[in-house]
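Structural characterization, general
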Amino acid sequence: MTVVSSMVIVSVLLSEPSMSPQAPAQRPSIGSRAETDQTVPVQKGARVDVDDCLGEVLVRTWERDAVRVRARHTSRTRVRIDTVGQVLRLDTDADRGVGVADFELTVPPWINLRIVGRTCVVDVENVSGTISAETVEGDVTLRGVSGTVDVKSVEGEVALEGGRGRVQLSTVEGAIRIAKSAGEIVAESVEGDITLSDSQAVAVELSTVEGDISYTGSLLASGRYLFTTHEGDVLLVIPENTSATVGVRSFENVRIDSTLPFKPGNASGRRGQRAVYSLGGGAAQVEIETFEGAVRVRRPGETQKD
Amino acid sequence: MTDKWTDRLSEYLDDDLVAADRLELQEHLKICRECRIVLNEIGAVAGAARSLRDAPPSRSLWPMVAAAISRQSSGRRFAFSLLQLAAASLFVAVVSGLSVWVIVGREDVRVAEAPMMPTASVQTVSAVDLTYDRAVDDLLRAVDEGRDRLGPRTIEVVTRSLATIDRAISDARIALEQDPGNAFLTLHLARERQRKLALLRQIQSFAQAVQ
């Protein structure tokens, strides 16, 4: 790894003049807002790191192999843009207190992203590279991403729309909402609900302690689906012509409350044993494990509760 | 769940299997979810054990040891099924060094434990629980040290969520007391315990990463 200071020089040399420049050295008066705008060329395989983010990170794509960094911040906040090897590192500091900035990044679609922050709202669209985001309080929203995704949040909500890669999402308190996504999805929350709608995913693992799980969409014939909760309920809304084998394990009750014509398999009724039900040809493999939650299966459009 | 590979998972983790057995077990793991879960739990315990500092036990260890012994002597520990004992016996290889260090490292512990350990099996489970508790305790301490960086609201959320997980663990334990042979409950308990460790690691990581 190249020494940071030397790569800062490289970064400066490679940087283009800002499109609406405001020299960082020109410190605006107290209380005023400042803007940093810099474009840095990047090569395939590069990654953008946003460290210790306090504010918002908005990521959009363009067709250039370069990253444009626009940051709006207070006059007392300094934005640092360093290049270390293949990593373009962005962070902030301030004379007193912490640096707060809203970043708007324009990146090539293949870029890899790593964003870490305490109170950090993340919004990413149409990136196909690897995305890693960790926030304590901020919400994370991803749309049209197709690479490997790993998102962790404590209090924030996580939303994914149109994902197509391998996705891992986790929250402690916040809800997880996934829509129109394919590929492989793993989502976990302690207290938040997990909702997966219009799913075309081929492999799904959803797990909560207290939150409810809701899955709406197709169960692909080659698909594998695992839903686990402690207290939460599990709701599946699937087409009538679904072909699936559903295994249910529960401490309280292995019965499925279904309006679809499931055929009971080896359901013995003994607590802790796996009861098996089938629908159609039994192609998709579904496992549901809940300590004391209810399991409901409904057709699209039916009232979900009863 | 107690198939022929169950008691060889520890050897697998320790890389003690011959190549042929290792390959066969790897194939088995692809189709046996229960073995994967047990393997993950052993790995988690081993990881936690590795993360512990190689230092003399602090004075604060004794209350935990005493509490563990007290739980045994008061009969509050649930009876273990063969399944659980098999799983627990696997852990001992991983954590034996640590448990010996904990138990032998203090004379007063050795004196106190003598009449309380009637069977090797009970001692094994006790050591595993103790190791798990220590890992949780260490992580809680690390999170506590970073609480200023997380903020009161986050600490409140984490505290509440840990309580939620603890309730799930407690529910599973109590249910397992009533139904010791219940495979689902064994897996459920393991999963919730893993979840607690994972949450604490995540919060510790956050605390280190943010300002």
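Just above, that's the structure.
Structural notes, computed from the coordinates. (Residues numbered from 1 in each chain as written. Chains lettered and ligands numbered in written order. Predicted model: local features only at pLDDT ≥ 70, side-chain atom pairs only at ≥ 80, totals over all residues. Heavy atoms only, no water.)

Examining the overall build of chain A
Heads up, the rule is: Helical segments are the DSSP runs of H or I of at least four residues, strand segments are the runs of E of at least two, and each set is numbered from the N terminus. Residue burial is assigned from relative accessible area. The probe radius is 1.4 Å, only protein chains are included, and a residue is buried under 20% of its type maximum, exposed over 50%, and partly exposed in between. Two residues form a contact once any of their heavy atoms are found within 4.5 Å. The accessible surface values rely on the Shrake-Rupley method and a 1.4 Å probe; as for residues, cover is taken only from the protein chains in view.
Within chain A, the secondary structure is distributed over 1 helix and 24 strands. Within the span of chain A, comprising 306 residues, buried residues form 54% of the whole. A fraction of 44% describes how many contacts in chain A between residues 6 or more apart in sequence connect residues 24 or more apart. Surface exposure of chain A reaches about 12,700 Å², of which carbon and sulfur atoms provide 49%.

Description of the overall build of chain B
Within chain B one finds 10 helices and 0 strands. In sequence order, chain B lays out its α and β elements as α-α-α-α-α-α-α-α-α-α. In chain B, of all internal contacts separated by at least 6 residues, the share reaching a separation of at least 24 is 75%. Counting only carbon and sulfur atoms, one obtains 55% of the accessible surface of chain B, whose full area is about 10,200 Å².

Digging into unusual backbone geometry
Residue and element names in this part refer to chain A. Positive phi, normally seen in glycine, also occurs at Asp52, with a value near 55 degrees. Although it is not a glycine, Asp198 sits at a positive phi angle of roughly 50 degrees. For Asp198, a relative accessible area of 45% puts it in the partly exposed group.

Here we look at the packing of aromatic side chains
For any pair of aromatic rings, geometry is given as the distance between the ring centres together with the angle between the planes. Residue and element names in this part refer to chain A. Heads up, the rule is: For Phe, Tyr and Trp, rings pair up if their centres lie within 6.5 Å, where Trp contributes its six-membered ring, and each pair is then called stacked (planes under 30 degrees apart), edge-to-face (over 60) or tilted (otherwise).
Evaluated as defined, the whole model comprises 4 aromatic pairs over all chains. Ring centres of Tyr215 and Tyr225 lie 5.7 Å apart, and the angle between their planes is 70 degrees; on these two criteria the pair is classed as edge-to-face. Here Tyr215 is found in strand E16 (residues 213-217), whereas its partner Tyr225 is found in strand E17 (residues 224-229), with 10 residues between them in sequence. Both residues of the pair, Tyr215 and Tyr225, belong to the buried class. With centroids separated by 6.5 Å and ring planes inclined at 80 degrees, the aromatic side chains of Phe262 and Tyr277 adopt a geometry described as edge-to-face.

Notes on the interface of chain B and chain A
What counts here: When two parts are put together, the accessible area they lose, computed with a 1.4 Å probe and summed over both, is reported as buried area. By salt bridge we mean one thing: a side-chain nitrogen of Lys or Arg within 4 Å of a carboxyl oxygen of Asp or Glu.
Across the boundary between the two partners, chain B contributes 35 residues, which contact 40 residues of chain A. Buried surface at the junction of chain B and chain A, summed over both partners, amounts to about 3,100 Å²; 52% is from carbon and sulfur atoms. Here chain B is connected to chain A by 8 salt bridges. One salt bridge connects Arg160 of chain B with Glu173 of chain A, and the closest N-O pair in it is separated by 2.3 Å.

Describing the state of the cysteines
All names here are of chain A. The line we're drawing: Whenever a pair of cysteine sulfur atoms sits within 2.5 Å, that pair is classed as a disulfide.
Applying the stated criterion across every chain yields a total of 1 disulfide over all chains. Two residues share a disulfide in this structure: Cys53 and Cys120, whose sulfurs sit 2.1 Å from each other. Residues Cys53 and Cys120 share a disulfide whose torsion about the S-S bond is about 95 degrees; that sign makes it right-handed. Residue Cys53 is located in strand E2 (residues 47-61), and its partner Cys120 is located in strand E7 (residues 112-125); the two are separated by 67 residues in the primary sequence. Judged by relative accessible area, Cys53 falls into the buried class, the value being 3%.

Describing the pairing of E17 of chain A
Residue and element names in this part refer to chain A. Formally: Any two strands between which DSSP finds at least two bridges are classified as paired.
Of all 6 residues making up E17, 5 are buried, and the element is well covered by its neighbours. Relative to E17, strand E15 (residues 194-208) is paired through 5 bridges, and the arrangement is parallel. Paired with Ala203 across the bridge in E17 is Arg224. Across 6 bridges, the pairing between E17 and strand E23 (residues 284-290) is parallel. If you follow Tyr225 over to E23, its bridge partner there is Val286.

Considerations on the pattern of salt bridges
Oppositely charged side chains may form a pair once their charged atoms are brought near each other. Residue and element names in this part refer to chain A. One pass over the full model with this rule turns up 38 salt bridges over all chains. Across the pair Arg72 and Glu35 runs a salt bridge, and its minimum N-O distance is 4.0 Å. Highlighted residues: Arg72 in strand E3 (residues 66-74) and Glu35 in strand E1 (residues 33-41), separated in sequence by 37 residues. Judged by relative accessible area, Glu35 falls into the partly exposed class, the value being 22%. One salt bridge connects Glu125 with Arg143, and the closest N-O pair in it is separated by 2.9 Å. Highlighted residues: Glu125 in strand E7 and Arg143 in strand E9 (residues 140-143), separated in sequence by 18 residues. Connected through shared salt-bridge partners, Arg47, Asp49, Asp51, Arg78, Arg80, Arg89, Asp91, Asp93 and Arg114 make up one network.

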